[in-house]
Structures are given as C-alpha cells and as structure tokens.
Amino acid sequence: MNSTANTIEMGVEIDIRQFKQIIHDMVLNTPTHAILGLGGPGIGKSESVAQVAAELGYNLIDLRLAQMSEVEIGGLIFPDKDTGRTHWLTPDYFPTDNKTILLLDEITSAPKRVQVAAYQLVLDHKVGQNKLPDGTIIIALGNREDDGGVYVELAAPLANRFEIYNIQCNTKIWLEDYAENYVDQKTGKGINPLVTSFIREHPSHLNRQEESSNSLVFATPRSWKRVSDVLNTQKDSTVSSLRVRANLGDVLGSEFLSYISNIKSLPTIDSILNGEAFELPKDGKEILYINSVLLSHFNELVKTKGTCEESVDLYGKITKVIEAEPADYAASILSRCAKIDHETIRLYDVQASKKGESYGTSIKEVSSTMSIFGGAPADTVTENQELEDIYI
C-alpha cells in the first residue's frame, strides 16, 4: 500500500481526521463535488460521515450498495396510460430535504450493474427523471482490493466522478479523537482504560488486518471497541476471555489477557482518588494504565452527569496523584484532559492560584514540557521510539 503505483491507484493517502476535515470543507464550500473514501474495514469511515452529518445538522441516508439492485437505485419504470409514455417511480430512499448527505457505502463491493446505475446519481445528482434536492451531498465509501473482502473494481468513468482518498488507520488519532473522548450516552461508559493503555503501549496492535490475511479474526478499531464493551459489561472472566479472543484472534487475544492479568495487582481507582497511600509503579506500562483510568474517569464525568464543580475537583485529585510521575507522563495526561475539557482545567488553575496552593503538577508546571493544547514534550526521551511517538 506504500508503493507509488498503489498510492496513485487508490487516491491521496490521508488519515481519518483529515477525511472528516475534507467532508466538512466539501459540504460547506463545494457541495456539488463527490468524495470516495477507500480504506480497510473497521477504521471508522462510515462513523466519520455520520459524525459530520450530525455536527452540521444534515440528514444522513445510508445506502449499502452491495445489498442493492440497479432497480432499487434507479426506481421502477411504469407506463402512463394518459400520455402513452413511461415514467420513473421515485425510489423510497430519495431525499426530500436539501440538507442531506447521501452515503453510497460498500461501492467497491457492489456488482458492476449497480455501479453503472450510480453513474447518473453521482455525476448529475439525479436518477431517471428524479433530481436530487439542491444541496444534497454525495459521499461514497469502500474497501480496497487488498483488504480481503469482496472487491469489484470501479469502472474508470465512475471513478473519475469522485475525489478519491485512501484512508489510513492512525493509532495516535484514534486515541485522541475517539477512544479518549468517546462516552456511550446510554451506559455512561467510555472505551475501557485497559484497551487504551494497551494500545498506547503497543500502537501497532490497533489494526492487524494486513498481518492476518489468512485469518477471519483480526484486530481493527471496530473490534477493539467490541472488546471494550465486553470488559465494561461482562463480569464472568471465563466468558470475557473467550469473547476477547473471538474479537482479536487467539495470539493477540492471549497477549492482551496476559497484560490484564499483570495489571490487576495495581490499586483500584477509587482508592487512588480517595488519597489512600500507594507506591507509584516504576514500570511505564503500569503508569500508562493508571493514567488511562484517571483520564477515562475524567472523560466520563465531563461527558455525562458531572457538574462543573465535580469536574474541577476530580481534576485536582488527578494532579495530586500524578505529581510524582516522570514529567512526560504527567504532562501528557494533563494535555489529554485539556483536550476533553480545557475549561475545567482553566477553572482549576484559577482557583488554585487564588488559594495560593502548591497544587502538584499544574498547567504552569508542565507548560515548559508540553503545550496543554497538544504540543510535544521538549525533552521527552524513551527507550521505545514507537511508544514515544504514540504517547505524545
């Protein structure tokens, strides 16, 4: 996928954050253009489109082209006895609102005749006699030929109707934009910190699809989300172990379960936040886990039931817990808290300053090491460069 030829064939290489930015720009500035996003399974392509639609107040119509016929796209032809002519019946998916994103998903898995039926829809914004409302946005998604799924090459005339982007899975962006900001509004739970801390330590384990060409079970961001759901809800360790392996594969699943077993010796988050004495681990992966749990608690409180006062109080406890940590670890969690809710951190800093307290590893104390809004540590040195890149 990194060869020049493949890059040209599959479009401009971007990450999922850039893909969302491109959709935003197209909707607001060039709504008559059409975008095709190609990428591996489970990396968040469809979810990104849904997020942009929600953010901009657009309706989303999701068509799974691989499951449709050409008639379903174009509509049935029926005779008009009065005029002696035939007319097209309007397909039931057809948008009626001019603030609509029409998502043509699985386009590279659709039969050729279905792709042909989409020609006019993409180029002219109509099918038969039925024209899409002005302002309708068309976005298509699909997998690539080497992603291991059903692949039907797009005909050149159809491909030429799109801006084509080759979406790559980026672990740092997945952690920052999704895993450490996500909260299920029904359960109030975010991505389990065992998942986020493990992925921070092993960035390459987020997406193992290319390494698992001979297996039906492989890790993707989607399967890690399922693992998180299991850990957040399943109390039976035997059942949860089986389900972890079913989502990640036996080799990676066993490695992750071994990681969990080693982490269990650490104190609980409640005891840590309540100020009970504990010895700060010297092992970097254990510090990563403690910080991931702290961050998860902060994210869940901010995004669900927490008041401003409760958020400020929790952040204050976090600063006390991490003040003995190495500067790069402490700076990183404070920066990640700020990305979740920088107003809480600002209020805490103001309150602590007014009280004249020495408040642990505050924003001011770490600002020389890391910008609170996402800069990199100036002098972070770790033995594992891959971990450093993803941790920062």
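Everything below is about the structure printed above this text.
Okay, so let's go over this structure. (Residues numbered from 1 in each chain as written. Predicted model: local features only at pLDDT ≥ 70, side-chain atom pairs only at ≥ 80, totals over all residues. Heavy atoms only, no water.)

With that settled, the discussion passes to the overall build of the protein. For the protein, the count of helices and strands is 17 helices and 10 strands. When each of the 392 residues of the protein is scored for burial, the buried share is 49%. Considering only contacts within the protein whose residues lie at least 6 apart along the sequence, 73% involve residues at least 24 apart. When the accessible surface of the protein is summed, it comes to about 19200 Å², and 50% of that surface belongs to carbon and sulfur atoms. (Helix = DSSP H or I, 4+ residues; strand = E, 2+ residues; numbered from the N terminus. Buried < 20%, exposed > 50% of the residue type's maximum accessible area, 1.4 Å probe, protein only. Contact = heavy atoms within 4.5 Å. Areas by Shrake-Rupley, 256 points an atom, 1.4 Å probe, with all protein chains shown as cover.)

If you check the backbone angles, Glu-106 has positive phi at about 60 degrees while not being a glycine. Along the polypeptide, Glu-106 turns up in the loop between strand 6 (100–105) and helix 5 (112–124).

This paragraph deals with the environment of Leu-102. Along the chain, Leu-102 turns up in strand 6. Spatially, the C-alpha atoms of Leu-102 and Val-122 are 10.0 Å apart, while their sequence positions differ by 20 residues. In contact with Leu-102, other than residues within four places in its own chain, are Ile-61, Leu-63, Tyr-93, Leu-121, Leu-132, Thr-136, Ile-137, Ile-138 and Ile-139.

Applying the stated criterion to the full structure yields 17 salt bridges. In this structure, the salt-bridge partner of Arg-144 is Asp-147, at a minimum N-O distance of 3.0 Å. Of the residues examined, Arg-144 reaches a relative accessible area of 6% and is grouped as buried. Salt bridges sharing partners connect three or more residues here, namely Arg-17, Lys-172, Glu-176, Asp-177 and Lys-339. (Salt bridge = Lys/Arg side-chain N within 4 Å of Asp/Glu carboxyl O.)

Let's shift gears to the nonpolar core. Among the nonpolar cores identified, the biggest contains 47 residues, and Val-195, Trp-224, Phe-256 and Leu-294 are the most heavily contacted of them. Sorting elements by how many residues they give to this core places helix 15 (residues 327–355) first, with 8 residues. Excluding its chain neighbours within four sequence positions, the residues that come into contact with Trp-224 are Val-195, Phe-198, Ile-199, His-205, Leu-206, Ala-219, Leu-248, Leu-252 and Phe-256. Ranked by size, the runner-up nonpolar core spans 28 residues in total, among them Met-10, Ile-61, Val-127 and Ile-138. (Core = buried A, V, L, I, M, F, W, Y, C linked by side-chain atoms within 4.5 Å.)

Glancing now at the pairing of strand 2 (residues 34–39). Working note: regular strand, side chains alternate between the two faces of the sheet. In terms of residue burial, strand 2 counts as a mostly covered element, since 6 of its 6 residues are buried. Side chains Ala-34, Leu-36 and Leu-38 of strand 2 all project onto a buried face; the interleaved residues Ile-35, Gly-37 and Gly-39 project onto the opposite face, where all are buried too. Judged from the 5 bridges that link them, strand 2 and strand 9 (residues 137–142) form a sheet pairing that is parallel. Bridging across to strand 9, Ile-35 finds its partner in Ile-139. Relative to strand 10 (residues 163–168), strand 2 runs parallel, the two sharing 5 bridges. Note that in strand 10 the partner of Gly-37 across the bridge is Tyr-165. (Pairing = 2+ DSSP bridges.)

This part takes up empty space enclosed by the protein. All told, the structure shown has 4 cavities of 30 Å³ or more when counted by the stated rule. The computed volume of the largest cavity comes to approximately 60 Å³. Around the largest cavity, the lining residues are Ala-179, Glu-180, Tyr-182, Gly-190, Ile-191, Thr-196, Ser-292, Leu-295, Ser-296, Asn-299 and Arg-336. For the lining of the largest cavity, the element with the most residues is helix 13 (residues 284–303), which contributes 4 residues. Classifying every residue of the lining of the largest cavity by side-chain character gives 4 nonpolar, 5 polar and 2 charged. (1 Å grid on protein atoms, 1.4 Å probe; cavity = no way out; pocket = protein on both sides within 12 Å on 5 of 7 lines; lining within 4 Å. Points joined across faces, edges and corners; volume = space filled by probe spheres on them. Nonpolar A, V, L, I, M, F, W, Y, C, P; charged D, E, K, R; others polar.)

Evaluation of the coordinates by the stated rule reveals 10 aromatic pairs. Ring plane angle 75 degrees and centroid distance 5.2 Å describe the contact between Tyr-315 and Tyr-348, whose orientation is recorded as edge-to-face. Within this pair, whereas Tyr-315 is found in helix 14 (residues 308–322), its partner Tyr-348 is found in helix 15, the two being separated by 33 residues in sequence. According to the relative accessible area criterion, Tyr-315 is buried, its value standing at 1%. On the basis of relative accessible area, Tyr-348 is assigned to the buried category, the value being 9%. Ring pairs connect the aromatic residues Phe-198, Trp-224, Phe-256 and Tyr-259, which therefore count as one cluster. Note that Arg-161 overlies the ring of Tyr-119, its terminal NZ or CZ placed 5.1 Å from the centroid. (Phe/Tyr/Trp six-rings, centres within 6.5 Å; stacked < 30°, edge-to-face > 60°. Lys NZ or Arg CZ within 6 Å of the ring centre and 35° of its normal.)

Let's shift gears to the pairing of strand 6. Where burial is concerned, most of strand 6 is hidden: 6 out of the 6 residues are buried. Every second residue of strand 6 is oriented toward a common face, with Thr-100, Leu-102 and Leu-104 on one face and Ile-101, Leu-103 and Asp-105 on the other, all of them buried. As paired elements, strand 3 (residues 59–64) and strand 6 share 6 bridges and run parallel to each other. Paired with Leu-60 across the bridge in strand 6 is Ile-101. Of the strand pairs in this sheet, strand 6 and strand 9 are connected by 4 bridges, and their pairing is parallel. Bridge assignment links Leu-103 to a residue of strand 9, and that residue is Ile-139.

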